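So the chains spell out like this:
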Amino acid sequence: MSELTSLSLAAARDGLAKKDFSAVELADAHLLAIEKARALNAYVLETPERALAMAKASDARIHAGKAGALEGIPLAVKDMFCTEGVRTTACSKILENFVPTYDSTVTQHLWRDGAVMLGKTNNDEFAMGSANETSYLGTVTSPWRRKGSNVALTPGGSSGGSAAAVAAHLCLGATGTDTGGSIRQPAAFTGTVGIKPTYGRVSRWGIVAFASSLDQAGPFARTVRDTAILLRSMAGHDPKDTTCTDKPVPDYELAVGKSIKGLRVGIPKEYRLDGMPAEIEKIWEQGREWLKASGAELVDVSLPHTQYALPAYYIVAPAEASSNLARYDGVRYGVRVPGKDITEMYEKTRADGFGAEVRRRIMIGTYVLSAGYYDAYYLRAQQVRTLIKRDFETCFANGVDMMLTPATPSAAFGVGEKGKADPVEMYLNDVFTVTVNMAGLPGIAVPAGLDAQGLPLGLQLIGRPFDEETLFSAAHVIEKAAGHFTAKAWW
Ligand code: GLN
């Protein structure tokens, strides 16, 4: 890891502005690091020529005194975001050769502000998964290892490539999408910071759709400040996404370092699960202590419908996925397998183009939406969703400013270790994160310590709608107390 790749995004921004180094030097250092770290499979596409051309343009703008907020900052983009002229696959065979003719709104914002694209990062196929194991382009290996062990660990998923790239210093920040935890869980597994903003804060336009009422994009970085800087650029009104708000985007960086004195932090008792590792309970308690020591007031709260969030999510998300993925029919995009007539062509194309987990979700989704089952499953799940949302609203109405919970029920597990016999074993990873998507709230995962095996553990803060600022302030308190965690390079 070179000095330039170890900088925080904020430090790199300031160094570039002072001309301590150039954007081309910064891009070069990262491109070299990426080349050396191919064993991680974090990137599914490297774009070195584009990176250097963008960096050169950044240097010119810096010299002309016209630098943007992210001028010259090398970033990685999850392969769920459309990038103009750059292959975008959602890590699915069915989009194997898809080259979009436009950029997503999020990536447009990043390039508008001067960021440099290093490449596209790996993810679970169509962002369905929690270990980056369903990707058509191969599993991602975490830069982290257990003490004294060479067992390959998962970086989490679905944004496993982005999390691994940030943790291994292969970029200064990355984009992710989070439908049920795909930013926060990999952030927790890799000792990085990840925020899922309020539903509607960031435009979904040009992002491959999974479950449209839950999907939200957000950043990964190595510090809270860096995620705040990135979110400011990613967020903002977009008439092309009718669910995207026109509320002004605050300067989130100003919230970093702001006192949390007097704020009330809810501790939901339903997040204390039977059989949860003692270390998770311990880190949660540690987090409570840190917030209290900074002047926050802790309050025990109840979110009584929490236990129904996971089952309801695994009805709503597949239902929306089955509808969204209907467009991959072999006519307009990617793979096409010929058949004797158009119906057989559809069937063969979709059977061949989608992986096992995606096919499972489409079948579940189609089933719960079908006549006769719609009321029993889909409608029920939507009603449960309202109750989950109401649980949070009641707490916020009673003066709670945010919640503190563990981000995941365990530290990172081994590649291939979970969900083989029973997919539900994998789904259980999302137990602390899906509630936040179901309620449309903002949630941030911040590293809080290492477990006995030397693996990172994360805490989650959940905020009121559009109050990402409070999350940045409180996450920074935890970060200051916990410190930063870096994986030892073995790759
Ligand atoms: N792991 C969850 C799932 O498989 C969430 C994925 C996500 O947030 N994209 O659905």
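Here, every reference points to the structure presented above.
Criteria and cut-off values
- Residues numbered from 1 in each chain as written.
- Predicted model: local features only at pLDDT ≥ 70, side-chain atom pairs only at ≥ 80, totals over all residues.
- Heavy atoms only, no water.
- Helix = DSSP H or I, 4+ residues; strand = E, 2+ residues; numbered from the N terminus.
- Buried < 20%, exposed > 50% of the residue type's maximum accessible area, 1.4 Å probe, protein only.
- Contact = heavy atoms within 4.5 Å.
- Areas by Shrake-Rupley, 256 points an atom, 1.4 Å probe, with all protein chains shown as cover.
- Lys, Arg positive; Asp, Glu negative; His and termini not counted.
- Charge placed at Lys NZ, Arg CZ, Asp CG, Glu CD.
- Polar contact = N/O pair within 3.5 Å; in protein donor to acceptor, adjacent residues only side chain to side chain.
- Axes fitted to C-alpha atoms, helices over the stretch in contact; angles between N-to-C directions.
- Parallel < 35°, antiparallel > 145°, perpendicular 65-115°, else oblique.
- Left-handed = near helix turned anticlockwise from the far one by under 90°.
- Near = heavy atom within 4 Å.
- Nonpolar A, V, L, I, M, F, W, Y, C, P; charged D, E, K, R; others polar.
- Phe/Tyr/Trp six-rings, centres within 6.5 Å; stacked < 30°, edge-to-face > 60°.
- Lys NZ or Arg CZ within 6 Å of the ring centre and 35° of its normal.
- Pairing = 2+ DSSP bridges.
- Core = buried A, V, L, I, M, F, W, Y, C linked by side-chain atoms within 4.5 Å.
- Patch = residues over 30% accessible without salt bridge, like charges linked within 9 Å, V, L, I, M, F, W, Y side chains within 5 Å.
- Salt bridge = Lys/Arg side-chain N within 4 Å of Asp/Glu carboxyl O.

> Looking at this structure, how should I read the overall build of the protein chain?
Within the protein chain, the secondary structure is distributed over 15 helices and 11 strands. Taken over the C-alpha atoms alone, the protein chain extends approximately 65 × 55 × 50 Å along its principal axes. A total of 491 residues make up the protein chain; the buried ones form 61% of that total. Across the protein chain, the fraction of contacts at a sequence separation of at least 24, relative to all contacts at a separation of at least 6, is 77%. Looking at the protein chain as shown, the accessible area adds up to about 18,200 Å², and 53% of this sits on carbon and sulfur atoms. Of the side-chain charges in the protein chain, 52 are positive and 54 negative, and the distance between the mean point of each set is 1 Å.

> Looking at this structure, how should I read the side chain of Ser203?
On the secondary structure map, Ser203 appears in the loop between β5 (193–196) and β6 (216–221). A polar contact of 3.0 Å, which involves the side chain of Ser203, links it to the backbone nitrogen of Trp205. A polar contact of 2.5 Å, which involves the side chain of Ser203, links it to the side chain of Asp238. Not counting the four nearest positions on each side in its chain, Ser203 is found in contact with Thr105, Val106, Gly236, Asp238, Asp241 and Cys244.

> Even after reading the chapter, I still don't get the packing of helix α2 (residues 23–36) against helix α3 (residues 48–63), so can you show me in this structure?
Between two packed helices, the angle of one axis relative to the other and the distance separating the axes together describe the packing. Closest axis-to-axis distance for the α2/α3 pair is 8 Å, and the angle between their directions is 160°. On the basis of their axis angle, the class for α2 and α3 is roughly antiparallel. Handedness of the crossing formed by α2 with α3: right-handed. For the pair formed by α2 and α3, the contact residues are Ala23, Val24, Ala27, Asp28 and Leu31 on the first element and Pro48, Ala51, Leu52, Ala55, Lys56, Ser58 and Asp59 on the second.

> Would you mind showing me how to read the site of the ligand here?
Taken together, 15 residues form the shell around the ligand, and within it Thr179, Gly180, Ser182, Tyr313 and Arg361 come nearest. Here an oxygen atom of the ligand sits 2.7 Å away from a polar atom, N or O, in the main chain of Gly180. Computed on the free molecule, the ligand has an accessible area of 290 Å², of which 100% lies beneath the protein chains in the complex. Within the shell around the ligand, the residues separate by chemical class into 5 nonpolar, 7 polar and 3 charged.

> Just to check I follow, could you spell out the side chain of Thr121 for this structure?
By the element assignment, Thr121 lies in strand β3 (residues 116–121). Take Thr121: its relative accessible area is 0%, and that puts it in the buried class. For Thr121, the side chain forms a polar contact with the main-chain nitrogen of Lys78, separated by 3.3 Å. Leave out the neighbours within four places in its chain, and Thr121 touches Ala42, Tyr43, Val44, Ala76, Val77, Lys78, Asp79, Gly161, Ser162 and Ala165.

> For this particular structure, what's the right way to read the packing of aromatic side chains?
How two aromatic rings sit relative to each other is set out by the distance from centre to centre and by the angle between their planes. Under the criterion given, the structure shown has 15 aromatic pairs. A centroid spacing of 5.1 Å and a plane angle of 50° characterise the contact between Phe126 and Tyr328, whose relative ring orientation is tilted. With Phe126 in the loop between β3 and α5 (160–167) and Tyr328 in the loop between α9 (309–324) and α10 (342–353), the pair connects residues that are 202 residues apart, well separated along the chain. There is no split in this pair, since Phe126 and Tyr328 are both buried. When the ring of Tyr374 is compared with that of Tyr378, the centres are 5.4 Å apart and the planes differ by 45°; the resulting orientation is tilted. Of the aromatic side chains, those joined through ring pairs into one cluster are Phe126, Tyr328 and Phe354. A cation over an aromatic ring shows up here: Arg145 above the ring of Trp490, its NZ or CZ 3.6 Å from the ring centre.

> Would you take a moment to explain the sheet that holds strand β9 (residues 402–406) for this structure?
Strand pairing in a sheet relies on backbone hydrogen bonds, with the paired strands running either antiparallel or parallel. The strand order across the open sheet formed by 11 strands is β1-β3-β2-β4-β6-β5-β10-β11-β9-β7-β8, and the pairing between neighbours is mixed. In this open sheet, the two strands that pair with only one neighbour each are β1 (43–46) and β8 (297–301). Averaged over all pairs of adjacent strands, the angle between their axes in this sheet comes to 30°, without regard to strand direction. With 3 bridges joining them, β1 and β3 adopt antiparallel strand pairing. Among the inter-strand pairings, Glu46 is bridged to a residue of β3, identified as Gly119.

> Teacher, can you tell me more about the nonpolar core here?
In a soluble, globular protein the nonpolar side chains are often hidden away together inside. Formed by 153 residues in total, the largest nonpolar core has its most connected members in Phe126, Leu170, Leu291, Phe392, Leu461 and Phe472. For this core, the element with the most residues is α9, which contributes 10 residues. Among all residues touching Phe126, those that are not within four sequence positions of it are Met80, Ala90, Ser92, Ile94, Leu95, Val208, Phe210, Leu325, Tyr328, Phe354 and Val358.

> For this particular structure, what's the right way to read unusual backbone geometry?
With an omega of 10°, the peptide bond running from Gly157 to Ser158 counts as cis. A positive phi angle, close to 55°, is found at Phe126, a residue other than glycine. According to the relative accessible area criterion, Phe126 is buried, its value standing at 0%.

> Sorry, what's going on with the pairing of strand β2 (residues 74–78) here?
Consecutive side chains of a regular strand alternate in pointing toward one face of the sheet and then the other. With 5 of 5 residues buried, β2 is to be regarded as a mostly interior element. Covered by surrounding structure in β2 are Pro74, Ala76 and Lys78 together with Leu75 and Val77, the residues of both alternating faces. In the sheet, β2 pairs with β3 via 5 bridges, with the strands oriented parallel. Residue pairing in the sheet places Ala76 in a bridge with Gly119 of β3.

> What's the story with helix α1 (residues 9–17) in this structure? I'm lost.
Taken as a whole, α1 has its buried residues at Leu9, Ala10, Ala12, Gly15 and Leu16. Here the buried face of α1 lies against α2, α3, β2 and α7 (224–234). Lys19 sits one or two residues past α1 and shows a positive phi near 60°.

> How should the environment of Ala69 be read in this particular structure?
Along the chain, the position of Ala69 falls in the loop between α3 and β2. Taking C-alpha positions, Ala69 is 6.9 Å from Gly114, a pair spaced 45 residues apart along the chain. If near-sequence neighbours (up to four positions away) are discounted, Ala69 is found in contact with Arg13 and Asp113.

> In this structure, what is going on with a nonpolar patch on the surface? I would like to understand it.
Nonpolar side chains collect at one region of the surface, where Val331, Ile342 and Tyr346 lie side by side and expose about 260 Å² of accessible area between them. Topologically, Tyr346 is positioned in helix α10.

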